[in-house]
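# Structural overview
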Amino acid sequence: MALLPILCFPDPKLHTVAKPVQAVDARIKNLVADMLETMYEADGIGLAATQVDVHERVVVIDISEQRNQPLVLINPEIIWASPEKQVSDEGCLSVPGVYDGVERSAAIKATALDAEGKSRTIEATGILAVCIQHEMDHLLGKVFVEYLSPLKRNRIKTKMLKARREAVRA
């Protein structure tokens, strides 16, 4: 297993639309293992392959307190979303240190392949529903800050670029 570098907003590669996984083979299983290790190391609850510059439809999530209940979604699709919405404070490993409210469906139903390539259906509410929708946005090339006002988004972009410049100097 290996830690993968996480792309940071406003990296244009974060806007790449992910392609479907053709087969859950050893390469994809290794990617899943690396993504889980990377997510846990970064203290995140979700990570999409797009964020580690792999443009295939793979997501890993673990919202458990003990960090021992990984959920792997390969080629996920939301097949139902509740008309009821909720606003939750969201953060993102690709936008470190930034949190803001985003409105999403309060409940969803999704289908995906698991880490073994078996089809499954997930019904989710609360933080899991938010996390699945957030990570699936990444697969479509969308970062959560795009739900914010242009003013907030530009401030965040400026902050991220400044942090990157300072990190290069250090």
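Overview of the structure. (Residues numbered from 1 in each chain as written. Predicted model: local features only at pLDDT ≥ 70, side-chain atom pairs only at ≥ 80, totals over all residues. Heavy atoms only, no water.)

## Describing the nonpolar core
By size, the foremost hydrophobic cluster in this structure holds 16 residues, and its most contacted members are V59, I61, L73, I122, A124, L128 and I132. Within the residue set of this core, elements represented by two or more residues are β2 (58–61), β3 (71–81), β6 (107–113), β7 (119–125) and α2 (126–139). Take this core: its biggest share by element is six residues, from α2. The residues touching A124, leaving out its near neighbours within four places in the chain, are A106, A107, I108, A129 and I132. Of all hydrophobic cores here, the second largest spans 15 residues; its members include M39, L47, V60 and I74. (Core = buried A, V, L, I, M, F, W, Y, C linked by side-chain atoms within 4.5 Å. Buried < 20%, exposed > 50% of the residue type's maximum accessible area, 1.4 Å probe, protein only. Helix = DSSP H or I, 4+ residues; strand = E, 2+ residues; numbered from the N terminus. Contact = heavy atoms within 4.5 Å.)

## Quick notes on the side chain of H138
Structurally, the position occupied by H138 is in helix α2. Ignoring anything within four residues of it in the chain, the contact list for H138 reads L14, T16, A48, T50, Q51, C92 and V143.

## Section: the pairing of β2
Because side chains alternate across β2, one face comprises the buried residues V58 and V60, and the other comprises V59 and I61, equally buried. In terms of strand pairing, strand β1 (residues 46–48) meets β2 through three bridges, oriented antiparallel. Of the residues in β2, the one forming a bridge with L47 is V60. As judged from the four bridges shared by β2 and β3, these two strands associate in the antiparallel manner. By the bridge assignment for β3, I61 is matched with L71. (Pairing = 2+ DSSP bridges.)

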